[in-house]
Amino acid sequence: MAGTKEFVEADNAEAIITRIEHKSRKIESLLKQQKPIEALKTALEGSPPNTRDERCKSANWIVVHRAMMAIKDVDSLFSSLDPEYYDILMKYLYRGLSTGDRPTCDQCLRIHEKLTEKAGLGCILRSLADTVNTV
């Protein structure tokens, strides 16, 4: 199928997990420096992992979730987040909503509202229609 990404085989999953762990350490460092927006940008870089391995996807979700939950000022998030991250962020928001965890859902809904205002309804449609880049 033209235009689709090749997925990494399961034997390379360990290499992906190692990269996610490195990203996690970088995010924790940014959060300690009170830079939650930079942490979220870092978490979204290279997301979703180019694999069907659920361990990799779950590990990456944990990293994105950690950064997302640290955001206090949602308005300032979108003044400094590049539009290239909007669609993937929307995918992670829906994953967060699917957890049913109250604090996660509350934060996802706050970000969803502002993201929809900023990026429009097309962002929602693109994230729901994209079956290749699953998170």
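Residues numbered from 1 in each chain as written. Predicted model: local features only at pLDDT ≥ 70, side-chain atom pairs only at ≥ 80, totals over all residues. Heavy atoms only, no water.

**Student:** Kindly report on the environment of T116, identifying the contributing residues and their values.
**Tutor:** Among the structural elements, T116 can be located in helix α6 (residues 102-119). For the pair T116 and P36, spaced 80 residues apart in sequence, the C-alpha separation works out to 20 Å. Residues in contact with T116, not counting those within four places in the same chain, are M90, L121 and I124. Within the structure, the side chain of T116 is placed 2.8 Å from the backbone oxygen of H112, a separation counted as a polar contact. (Helix = DSSP H or I, 4+ residues; strand = E, 2+ residues; numbered from the N terminus. Contact = heavy atoms within 4.5 Å. Polar contact = N/O pair within 3.5 Å; in protein donor to acceptor, adjacent residues only side chain to side chain.)

**Student:** Can you break down the nonpolar core residue by residue, with the values?
**Tutor:** In a soluble, globular protein the nonpolar side chains are often hidden away together inside. In this structure, L40, F78 and L89 are the most contacted members of the largest nonpolar core, which totals 38 residues. Mapped by element, the contributors of at least two residues to this core are α1 (13-32), α2 (36-44), α3 (54-69), α4 (74-80), α5 (86-97), α6 and α7 (121-129). Filtering out sequence-adjacent residues up to four positions away, L40 remains in contact with V64, A67, M68, I71, L77 and L89. (Core = buried A, V, L, I, M, F, W, Y, C linked by side-chain atoms within 4.5 Å. Buried < 20%, exposed > 50% of the residue type's maximum accessible area, 1.4 Å probe, protein only.)

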